[in-house]
Amino acid sequence: MNITLEDAHRLAHDILVALGVPTDIAHDVAEHLVESDRCGYVSHGISILPSYRRSVETGNVNPAGRASCVMDRGTLMVFDGDGGFGQHVGKQVMQTAIERVREHGHCIFTLRRSHHLGRMGHYGEMAANARMVLLSFTNVINRPPAVAPYGGRVARLTTNPLCFAGPMPNGRPPLVVDIATSAIAINKARVLAEKGEPAPERSIIDAEGLPTTDAGAIFADPPGALLPFGGHKGYALGVVAELLAGVLSGGGTIQPENPRGGVATNNMFAVLINPELDLGLPWQSQEVERSSATCRTRRRRRASTAYSTPASTKRRTARVPPPRSM
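Calculation notes
Residues numbered from 1 in each chain as written. Predicted model: local features only at pLDDT ≥ 70, side-chain atom pairs only at ≥ 80, totals over all residues. Heavy atoms only, no water. Helix = DSSP H or I, 4+ residues; strand = E, 2+ residues; numbered from the N terminus. Buried < 20%, exposed > 50% of the residue type's maximum accessible area, 1.4 Å probe, protein only. Contact = heavy atoms within 4.5 Å. Areas by Shrake-Rupley, 256 points an atom, 1.4 Å probe, with all protein chains shown as cover. Pairing = 2+ DSSP bridges. Axes fitted to C-alpha atoms, helices over the stretch in contact; angles between N-to-C directions. Phe/Tyr/Trp six-rings, centres within 6.5 Å; stacked < 30°, edge-to-face > 60°. Lys NZ or Arg CZ within 6 Å of the ring centre and 35° of its normal. Salt bridge = Lys/Arg side-chain N within 4 Å of Asp/Glu carboxyl O.

Remarks on the overall build of the protein chain
- A count of helices and strands for the protein chain gives eight helices and ten strands.
- Per-residue burial for the protein chain yields a buried fraction of 43% across its 326 residues.
- Across the protein chain, contacts joining residues at least 24 apart in sequence account for 65% of those joining residues at least 6 apart.
- Of the roughly 17,800 Å² of accessible surface on the protein chain, 55% is carried by carbon and sulfur atoms.

So, in structure tokens, the structure goes:
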């Protein structure tokens, strides 16, 4: 059954209000979830509401939690989310950071003790729509780890997403990069498992450390693990996100001496800047346009004597297909 975006928002909003969530917070959470569905991120859409209900009923989220700034040094701010819904807390923090950048041109900020922040690209879009550039790293605590280190078979990290976003010239949509440092997000694995659909190859290992496409292996007893994307490179980025977000925010990391209550809590480290630096705005716009055009342009392959294969060696060469993506 298909429903309108307005009806979906009303449904999510009313469910949250019935759980004791203040109206303005319920509005922000519902708006974020419905927008995730509209963008095709169903793993971060209204399908996640049952887990949010359990979080409220078990006291693992503060329904009325709001962000507060616990340290303010001008262009450096530290926020505490009071265990509130991340879609509201994250929006509060991003709006405050945007205003600070309008004053100073740049801002570094951290957030700790937020319930699930949701789709990080949502905050990237907020920044880009304000004509700003965002780079953020997020870690996940208060739950068991789900991502194995490169070369390992036991989970030690979580999905630790990073987000980059910025405006594009000539009225084109912003550039938004929102990726987990694991091959797939844990909520993506949840959706696949619920639908009985296979996970991408080389994204999951079972409890024995063997490759599998069974998304349910992550939730088995004993559980399997997600793999980092890109092998050692994704693992390295996951470690960076863990330290920047967990340590510099004061929220903590996934290390085993910290609580693992089973409900995701997010910490974030972010840099937000006004890209209109004193380099000449026309030059910047042209450079961005030419750089992006270079990536989009398809070039025809032409024969070249400088790069042609000698006739005497043609029979000894073979075309190697590109590697399959992770």
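Alright, that's what it looks like, and here's the rest.
As for the sheet that holds strand S6 (residues 175-179)
- Read across the sheet, seven strands follow the order S1-S2-S3-S10-S4-S5-S6 without closing on themselves; strand pairing throughout is mixed. Every interior strand has two partners, whereas the edge strands, strand S1 (68-72) and S6, have only one. Shown here is a sheet whose adjacent strand axes are inclined to one another by a mean of 15 degrees, direction ignored.
- By the bridge criterion, five bridges tie strand S2 (residues 76-80) to strand S3 (residues 106-115) in an arrangement that is parallel. Following the sheet pairing, Val 78 is matched in S3 by Thr 110.
- The sheet strands contacting helix H7 (residues 232-248) are S3, strand S4 (133-141), strand S5 (162-166) and strand S10 (265-273), and the helix crosses S4 at an angle near 85 degrees.

Considerations on the pairing of S5
- Taken across its five residues, S5 has four buried, putting it largely inside the fold.
- Taken together, the four bridges between S4 and S5 define a ladder with antiparallel strand orientation. Bridged to Leu 134 within S5 is Ala 165.
- Across five bridges, S5 lies against S6 in antiparallel orientation. Along S6, the bridge assignment pairs Gly 166 with Leu 175.

Looking at the packing of aromatic side chains
- This structure, assessed with the given rule, holds one aromatic pair.
- Look at Tyr 52 and Phe 85: their rings are 5.7 Å apart centre to centre, the planes differ by 55 degrees, and that puts the pair in the tilted class. Here Tyr 52, found in helix H3 (residues 49-57), pairs with Phe 85, found in the loop between S2 and helix H4 (86-104); they are 33 residues apart in sequence, far enough to count as distant.
- Its relative accessible area of 2% is what places Tyr 52 among the buried residues.
- The class for Phe 85 is buried, based on a relative accessible area of 0%.
- Across from the ring centre of Tyr 41, 5.7 Å away, lies the NZ or CZ of Arg 119, which sits over that ring.

As for the pattern of salt bridges
- Scanning all chains against the criterion turns up 14 salt bridges.
- In this structure, the salt-bridge partner of Asp 72 is Arg 100, at a minimum N-O distance of 2.8 Å. With Asp 72 in strand S1 and Arg 100 in helix H4, this pair connects stretches of sequence that are 28 residues apart.
- The exposure class of Asp 72 is partly exposed, given its relative accessible area of 44%.
- Its salt-bridge partner being Arg 190, residue Glu 194 comes within 3.6 Å of it at the nearest N-O pair. Of this pair, Glu 194 and Arg 190 both sit in helix H6 (residues 186-195), four residues apart, roughly one helical turn.
- For Arg 190, a relative accessible area of 16% puts it in the buried group.
- A single network of salt bridges, built from pairs that share partners, joins Asp 80, Asp 82, Arg 112 and Arg 113.

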